[in-house]
There are 2 protein chains.
Amino acid sequence: MAEVTTREKEEESSCKHNPLSPQSARDLVASVDVFLFDCDGVIWKGDKLIEGVPQALQSLRSMGKKLVFVTNNSTKSRRQYAKKFLALGIDVSEDEIFSSSFAAAMFLKLNNFPHGKKVYVVGEEGILEELEFAGFIGLGGPEDGKRNIVLKSGFQFEYDKSVGAVIVGLDKYINYYKLQYATLCIRENPGCLFIATNRDATGNLTESQEWPGAGCIVAAVCGSTQKEPILVGKPSTFMMKFLVERFQIDTSKMCMVGDRLDTDILFGKNSGCKTLLVLSGCTSLPALQDPSNNIYPDYYTSNVSDVVELSKL
Amino acid sequence: MAEVTTREKEEESSCKHNPLSPQSARDLVASVDVFLFDCDGVIWKGDKLIEGVPQALQSLRSMGKKLVFVTNNSTKSRRQYAKKFLALGIDVSEDEIFSSSFAAAMFLKLNNFPHGKKVYVVGEEGILEELEFAGFIGLGGPEDGKRNIVLKSGFQFEYDKSVGAVIVGLDKYINYYKLQYATLCIRENPGCLFIATNRDATGNLTESQEWPGAGCIVAAVCGSTQKEPILVGKPSTFMMKFLVERFQIDTSKMCMVGDRLDTDILFGKNSGCKTLLVLSGCTSLPALQDPSNNIYPDYYTSNVSDVVELSKL
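Residues numbered from 1 in each chain as written. Chains lettered and ligands numbered in written order. Predicted model: local features only at pLDDT ≥ 70, side-chain atom pairs only at ≥ 80, totals over all residues. Heavy atoms only, no water.

Undergrad: How should the state of the cysteines be read in this particular structure?
TA: Linking two cysteines covalently via their sulfur atoms produces the bond known as a disulfide. Going through the model one piece at a time under the given rule, you end up with 0 disulfides over all chains. No disulfide involves A:C185; its nearest neighbouring cysteine sulfur is the one of A:C192, lying 5.5 Å away. Cysteine B:C216 remains unbridged, with the sulfur of A:C216 as its closest cysteine sulfur at 9.8 Å. (Disulfide = S-S within 2.5 Å.)

Undergrad: Mind showing me how you'd approach the UniProt feature "binding site: Mg(2+)" (unreviewed entry) in chain A here?
TA: Residues and elements named next belong to chain A. Summarizing the sequence annotation, UniProt attributes the feature "binding site: Mg(2+)" (unreviewed entry) to D38, D40 and D259 in the numbering used throughout. What stands out for the annotated residues spanning 222 residues is how close their C-alpha atoms remain, the widest pair being 8.2 Å apart. Inspection of the secondary structure puts D40 in the loop between β1 (34-37) and β2 (44-45). Contact partners of D40, with chain neighbours within four places excluded, come to T71, N73, N204 and D259. You can see D259 is positioned in the loop between β13 (254-258) and α10 (261-271). Leaving out residues up to four positions away in the same chain, D259 has contacts with D38, D40, G41, V42, N204, D264, L277, V278, G281, C282 and T283. A distance of 2.9 Å separates a polar atom in the side chain of D259 from the backbone nitrogen of C282. (UniProt positions renumbered as here; feature names shortened; annotations may be inferred. Helix = DSSP H or I, 4+ residues; strand = E, 2+ residues; numbered from the N terminus. Contact = heavy atoms within 4.5 Å. Polar contact = N/O pair within 3.5 Å; in protein donor to acceptor, adjacent residues only side chain to side chain.)

Undergrad: I tried to follow the relation of the copies chain B and chain A on my own but got confused; where do I start?
TA: What relates the pair of chain copies is a rotation about an axis plus a shift along that axis. Once chain B has been moved 0.0 Å along the axis and rotated by 180°, it coincides with chain A to within an RMSD of 0.0 Å. Taken together, the rotation angle and the small translation identify this as a two-fold axis. Relative to the rotation axis, the closest C-alpha in chain B is found at B:A220, a distance of 2.2 Å. When the interface residues of chain B are mapped onto chain A, 100% of them again lie at the interface, so the same face is used by both copies. (Least-squares fit on C-alpha atoms with pLDDT ≥ 70 in both.)

Undergrad: Can you help me understand the sheet that holds strand β12 (residues 230-231) of chain A in this one?
TA: Each strand in a sheet pairs with its neighbour through backbone hydrogen bonds, running either in the same direction (parallel) or in the opposite one (antiparallel). All names here are of chain A. What the 5 strands build is an open sheet, ordered β7-β6-β8-β9-β12; its pairing is parallel. Pairing within the sheet leaves two strands with one partner each, and these edge strands are β7 (137-140) and β12. Summarising the sheet, strand β6 (residues 118-122) and β7 pair through 4 bridges and their orientation is parallel. The partner of V121 across the bridge, within β7, is G140. (Pairing = 2+ DSSP bridges.)

Undergrad: I tried to follow the sheet that holds β1(A) on my own but got confused; where do I start?
TA: Residues and elements named next belong to chain A. Taken in spatial order, the 6 strands make up an open sheet running β5-β4-β1-β13-β14-β15, and their pairing is parallel. If you trace the sheet from one side to the other, it starts and ends with β5 (97-99) and β15 (299-301), each paired once. Taken over all neighbouring pairs, the strand axes of this sheet differ in orientation by 20° on average, direction set aside. Bridge analysis of strand β4 (residues 66-71) against β5 gives 3 bridges, and the strand direction is parallel. Across the sheet, F69 pairs through a bridge with I97, a residue of β5. Contacting β4 and β5, helix α5 (residues 100-110) crosses the sheet at an angle of about 75° to β5. (Axes fitted to C-alpha atoms, helices over the stretch in contact; angles between N-to-C directions.)

So, in structure tokens, the structure goes:
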């Protein structure tokens, strides 16, 4: 009896963790029209391309597959991302990029955010640029990175009462001034929205190390306001609405390829896509197989290039 | 039937919210040997004394009551707090002060933290000073407040592998460098402790405004590490162990006087003390009576001085 239980457990376990095989790679390529790729840890790490990725993307394009790059990294706008791709030798158009900075601006647009209201940004240039493209007035961001606070008697922190939304993303120039500004707007300005680009705990800002992600900065604002944000990046399905509308393709014909279980894979699963975990980023095989994990991709493999290489075998 | 229900609700409600009366003030003074006071919002706001407080403290002392100041504010050490009291014209000895900076150092001492290990501080001078008094080696704090990060290819963030504990408290000089340092120690150094002085969402850093509290900074580190800290300040009962041992008085003979429901009043209740909420700080009467609140002090009143004034009526 004990033996059966062990075998059952092994079967259950192996069923949850399927390495991509030549057969499943061929099935995947045949059944998927749109490949959605996360960027950090999938296409590149920091400023270094992951081996074999450009060739794999080129092969998929030549097979007629649509490619879309869905990134939670809000530090760049779509325009800035297209430049980064080009600098790394990959030809990607702005229309193929869905960043959480763009998602934040689109959320305001779709929700008819009044153009007379302003948006305070705890984050970097990408969010401010997407706000500008969408016709909104953004405050804060990098400009407030060097502000200091002098806490003397009678000091009154001034903030703009016309701020109707605060957008929080990764901010490498986070300081107490910005935290107080965001906190006062969310707590004191009636109806002020609190929007998080994403809540990734960490990210591969350099190729050799992980760094605190937007989840760190967002948590700080949750900590001071005791409020929860509206999430527009992965794993929320907000960006998927755009994708489905743009490509007019059912999500069952899409495959989300990512390196994070709690954002990429969950986003894919929440949306009804096929899912492929690549181990080239922040998730290791032991982490995938750890009993505490309860998010399982359809398949896992070491690197994006395996999709093409395995399907040729 | 509906009428009865309404009356029952009213009775239940009034039972939960008892304003301090002349009779209850006399009972309180008669039955309590040790008054525990929170400081920010109770004794002072920023650098301004709250009206009538020095006289009230003097009166309680002259009645033979012991006074203890239990503060979650970790930016000062006990020595620095005694100086602040003196500067405001109140004579308080270091032994009467229990700050969360002191509690953090005492936690390490009681848990036999190895003296060869170091402690990284995301916080201010008070924590570093208490660590030094307790014989531990602290790193970080104000010194790291001006550090910048240049994220270039190949950059490796260096951190001390002998850090065995990270203490996080209020830090008005919070930056990305400190967040990465703390995150790496907690994630990478085997067995590294993650200690929070407290988790107050906000605090009265100036007399006219609330500012993000330690809860904001602690949440950021929780967000990047995805770990929960050991809490040594209120409402955890860690500080109470010291108090009971020091004064050899049963907690039923103590009264916790504070302005925060989720720290001060909860701390008092968790420890078996009597509790008095003063409305001179961050909690308003509507907030106390809000249906979403489920923490009720034994009594509430506007100001510490009421305890003495009412008991004379």
